[in-house]
Amino acid sequence: MVYKALTIAGSDSGGGAGIQADLKTFQECHVYGMSAVTAVTAQNTKGVQGVFPSSASEVLEQLTSINEDLPPEAVKTGMLVNDEIIASVADFASSSGWEKLIVDPVMIAKGGASLLGEKSIEALINRLIPVAYVITPNIPEAEALTGREIRDVGDCRKAAEDLYGMGAKHVIIKGGHQSQSQSSYATDILYDGKEFFEFTSPRISTPHTHGTGCTFSAVITAELAKGNPVFDSVHTAKGFITAAISHSLGIGNGHGPTNHWAYHEGVNL
Ligand SMILES: Nc1ncnc2c1ncn2[C@@H]1O[C@H](COP(=O)(O)OP(=O)(O)OP(=O)(O)O)[C@@H](O)[C@H]1O
Ligand SMILES: Cc1ncc(CO)c(N)n1
């Protein structure tokens, strides 16, 4: 059986985040990767130099071509740019009956560049979160979506309950943004409406974390595409991203990309 996964996201010309990170990750997870491009970005490890959005109809045409011939077992969203694209993707997901929709609510790149209009946060809440099987915000994204200030794991749990209440069937809040002084661990929490689970690793001290969130949610998408349960998929994703950050490549002059080979091949570059 060949399992197929689709990413609906922006292109990162530097190859560390966005569509490129997702496709590299799908490949590493032995899942056939497909993509619908929502924007082209001119980007490298130092930052985002340009953003060139697709139109909503360009996104819809890509989704239609993929779905009629190569229906995916799981779909993830990343940078969605604006309200029109969010609404089109949400409508397409509902009418196609996509069950495993993983929403990574990308808002701001590591260097501070905006990847989603501020007004579009409402569209994420009203249109996309209600059809999400899994949502994977980082801490600033969870704060923007819930209006809560998140200082510790307790606050993360409350935000996860809020996001579950908005309609996401599983909520994962990523702990990469907790400050060094607060914790020497990077703890992600999963909430399925009944129980909380924590996934913890030592916090790795490195500037090379470009694309960690995309890679993490891409592993979850690939593992769900293969039919694995959510808990197991998050467990695999945590192991994958911890290895990828531990062995980050150190290329470029800014926030370098993670190492997608590290988890499965055990390379030590
Ligand atoms: N310094 C670190 N050490 C260990 N794990 C980390 C570190 N930074 C992030 N992670 C892990 O990486 C994953 C992604 O979390 P993070 O909060 O960085 O996502 P993100 O902000 O969406 O990333 P990006 O926007 O750069 O794609 C989580 O599993 C998190 O715990
Ligand atoms: C295209 C794109 N998507 C997502 C991110 C988030 O890291 C990024 N930097 N670039």
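Preceding block: the structure.
A brief report on the enclosed structure follows. Numbers given to residues run from 1 along each chain, matching the order in which its sequence is written. Labels follow written order: the first chain is A, the first ligand is 1, and so on. This being a predicted model, a pLDDT of at least 70 is required before a residue's local features are given, and a value of 80 or more before pairs of side-chain atoms are given or counted; all residues contribute to the totals for chains, interfaces and linings. The side-chain values count all of the structure's non-hydrogen atoms but skip hydrogen atoms and water molecules.

The secondary structure content of the protein chain amounts to nine helices and nine strands. Whereas a compact globule of 269 residues would reach a radius of gyration of roughly 18 Å, the protein chain reaches 17 Å, a difference of no more than 12%. If one aligns the C-alpha atoms of the protein chain with their principal axes, the spans along those axes are about 45 × 40 × 40 Å. Contacts are residue-level and defined by heavy atoms, with any inter-residue pair within 4.5 Å sufficient. Contacts in the protein chain between residues at least 24 apart in sequence constitute 67% of all its contacts with a sequence separation of at least 6. Counting only carbon and sulfur atoms, one obtains 50% of the accessible surface of the protein chain, whose full area is about 11,400 Å². Charged-residue counts in this description rest on Lys and Arg as positive and Asp and Glu as negative, His and the chain ends being excluded. Positions of charges follow a simple convention, taking NZ of Lys, CZ of Arg, CG of Asp or CD of Glu. Each charge class in the protein chain can be summarised by its mean position, and for the 18 positive and 29 negative side chains these summaries are 4 Å apart. Counting from the N terminus, the helices are DSSP H or I runs at least four residues long and the strands are E runs at least two residues long. Radius of gyration means the value over C-alpha atoms here, while the globule rule gives 2.2 Å times the residue count to the 0.38 power. The accessible surface values rely on the Shrake-Rupley method and a 1.4 Å probe; as for residues, cover is taken only from the protein chains in view.

Another aspect to go through is the site of ligand 2. For this description, a residue counts as near a given molecule or strand if any of its non-hydrogen atoms is within 4 Å of it. If you check the shell around ligand 2, you find G10, S11, A17, G18, Q43, M79, V106, A109, L115, H210 and C214 and nothing else. Counting of polar contacts relies on pairs of N or O atoms within 3.5 Å, with two restrictions inside protein: one atom must be capable of donating a hydrogen and the other of accepting it, and residues adjacent in sequence are counted only when both atoms are side-chain atoms. Contact between ligand 2 and Q43: a nitrogen atom at 2.8 Å from a side-chain N or O atom of the residue. With the chains in place, 92% of the 290 Å² that ligand 2 exposes on its own is no longer accessible. When residues are grouped by polarity, Ala, Val, Leu, Ile, Met, Phe, Trp, Tyr, Cys and Pro land in nonpolar, Asp, Glu, Lys and Arg in charged, and all others, Gly among them, in polar. Looking at the shell around ligand 2 residue by residue, the class counts come to six nonpolar, five polar and no charged.

On to the site of ligand 1, then. Taken together, the neighbourhood of ligand 1 is formed by 20 residues, with K110, K174, H177, D188 and I204 sitting nearest. Residue D188 places a side-chain N or O atom 2.5 Å away from an oxygen atom belonging to ligand 1. T212 has a polar side-chain atom sitting 2.9 Å from an oxygen atom of ligand 1. Computed on the free molecule, ligand 1 has an accessible area of 630 Å², of which 94% lies beneath the protein chains in the complex. Counting residues per element, the shell around ligand 1 draws most heavily on helix α7 (residues 212-225), which supplies four residues. Among the residues making up the shell around ligand 1, the classes are represented as seven nonpolar, eight polar and five charged.

Attention shifts here to the pattern of salt bridges. Whenever Lys or Arg places a side-chain nitrogen within 4 Å of a carboxyl oxygen from Asp or Glu, that contact is recorded as a salt bridge. Summed over all chains, the structure comprises nine salt bridges. Note that R151 and E149 form a salt bridge whose closest N and O atoms lie 3.1 Å from each other. One salt bridge in this structure joins E198 and R157, with 3.5 Å as the shortest N-O distance. Linking E198 in strand β9 (residues 196-202) with R157 in helix α6 (residues 153-165), this pair joins segments that are 41 residues apart in sequence.

For strand β1 (residues 4-12), the tally of buried residues reaches nine of nine residues, placing the bulk of the element in the interior. With nine bridges connecting them, β1 and strand β2 (residues 32-44) associate as parallel partners. Residue pairing in the sheet places A9 in a bridge with V37 of β2. Tracing the backbone out of β1, into helix α1 (residues 18-28) and back to the parallel element β2 gives a crossover that is right-handed. One ladder, built from four bridges, connects β1 with strand β4 (residues 74-77); its direction is parallel. When the bridges of β4 are listed, A5 appears paired with A74. Only protein chains enter the area calculation, which uses a 1.4 Å probe; residues under 20% of their type maximum are buried, those over 50% are exposed, and those in between are partly exposed. One bridge is not enough; two strands pair if DSSP finds at least two bridges between them. With its strands directed away from the observer, a crossover is right-handed exactly when the path from the first strand over the helix to the second travels clockwise.

What follows covers the packing of aromatic side chains. Here the aromatic set is Phe, Tyr and Trp, taking the six-membered ring for Trp, and pairing holds for ring centres within 6.5 Å; pairs whose planes are under 30 degrees apart are stacked, those over 60 apart are edge-to-face, and all others are tilted. The final tally for this structure, using the stated rule, is six aromatic pairs. Aromatic side chains Y164 and Y191 sit 5.6 Å apart centroid to centroid with 75° between the ring planes, which places their arrangement in the edge-to-face category. Of this pair, Y164 sits in helix α6 while Y191 is found in strand β8 (residues 185-191), placing the two residues 27 residues apart along the sequence. Their ring planes at 70° and their centres at 5.2 Å tell us that F197 and F231 sit as a pair that is edge-to-face. Remark: F231 occurs in helix α8 (residues 230-246) and F197 occurs in strand β9; sequence separation between them is 34 residues. Members of the aromatic cluster, joined through ring pairs, are Y164, Y191 and F196.

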